[in-house]
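Below are the chains, spelled out letter by letter.
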Amino acid sequence: MLKGIINRLCGFERDKYVHFIACMIISLVVANALPLGNVLGAVVGVLVAVIAGSVKEWMDDHVDKDDIRADIIGAVAGGLLSLI
């Protein structure tokens, strides 16, 4: 099982990790910067990060669904981290 996870993680392009980390940071910073409370701040942080990632993809020449998927996963991870 662990070997399968490692192979899956190593199979991603480096670009996907950048998308993941960027949206995680955006989500975490926004969630902690807003005085909305824990859960609402996390939700707003996730939404802002997903919108930022989607706008970035839309402004590129092509939209990569895997990049958007990495953005969403990173945004949710950042939102969850803000709840800790």
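Nothing here was measured: the structure is a model prediction, and the numbers come from that model.

Visitor: I'd like a rundown of the packing of helix α2 (residues 14-33) against helix α4 (residues 65-82), residues and numbers included.
Guide: Remark: α2 packs on α4, axes separated minimally by 7 Å, with the N-to-C direction vectors making an angle of 35 degrees. For the crossing formed where α2 meets α4, the hand is right-handed. Contact residues: α2 offers Asp-15, Lys-16, His-19, Phe-20, Cys-23, Met-24, Ser-27, Leu-28, Ala-31 and Asn-32, while α4 offers Asp-66, Asp-67, Ala-70, Asp-71, Ile-73, Gly-74, Ala-75, Ala-77, Gly-78, Gly-79, Leu-81 and Ser-82. Classifying every residue of the contact of α2 with α4 by side-chain character gives ten nonpolar, seven polar and five charged.

Visitor: A description of the packing of helix α3 (residues 38-59) against α4 should follow, citing residues and the corresponding values.
Guide: When two helices pack together, you describe them by how their axes are tilted relative to each other and by the distance separating the axes. Packing of α3 against α4 leaves a shortest axis separation of 8 Å and a crossing angle of 160 degrees. When the axis of α3 is compared with that of α4, the two are roughly antiparallel. Handedness of the crossing formed by α3 with α4: right-handed. Between α3 and α4, the residues in contact are Ala-42, Val-46, Ala-49, Val-50, Gly-53, Ser-54 and Glu-57 and Asp-67, Ile-68, Asp-71, Ile-72, Ala-75, Val-76, Gly-79 and Ser-82, respectively. Class assignment of the residues belonging to the contact of α3 with α4 gives a composition of eight nonpolar, four polar and three charged.

Visitor: Give a description of the environment of Val-63 that names residues and reports values.
Guide: Structurally, the position occupied by Val-63 is in the loop between α3 and α4. Residue classification places Val-63 among the partly exposed residues on the basis of a relative accessible area of 48%. With residues near it in sequence (within four places) discarded, Val-63 still touches Glu-57, Trp-58 and Ile-68.

What counts as what
- Residues numbered from 1 in each chain as written.
- Predicted model: local features only at pLDDT ≥ 70, side-chain atom pairs only at ≥ 80, totals over all residues.
- Heavy atoms only, no water.
- Axes fitted to C-alpha atoms, helices over the stretch in contact; angles between N-to-C directions.
- Helix = DSSP H or I, 4+ residues; strand = E, 2+ residues; numbered from the N terminus.
- Left-handed = near helix turned anticlockwise from the far one by under 90°.
- Contact = heavy atoms within 4.5 Å.
- Nonpolar A, V, L, I, M, F, W, Y, C, P; charged D, E, K, R; others polar.
- Parallel < 35°, antiparallel > 145°, perpendicular 65-115°, else oblique.
- Buried < 20%, exposed > 50% of the residue type's maximum accessible area, 1.4 Å probe, protein only.

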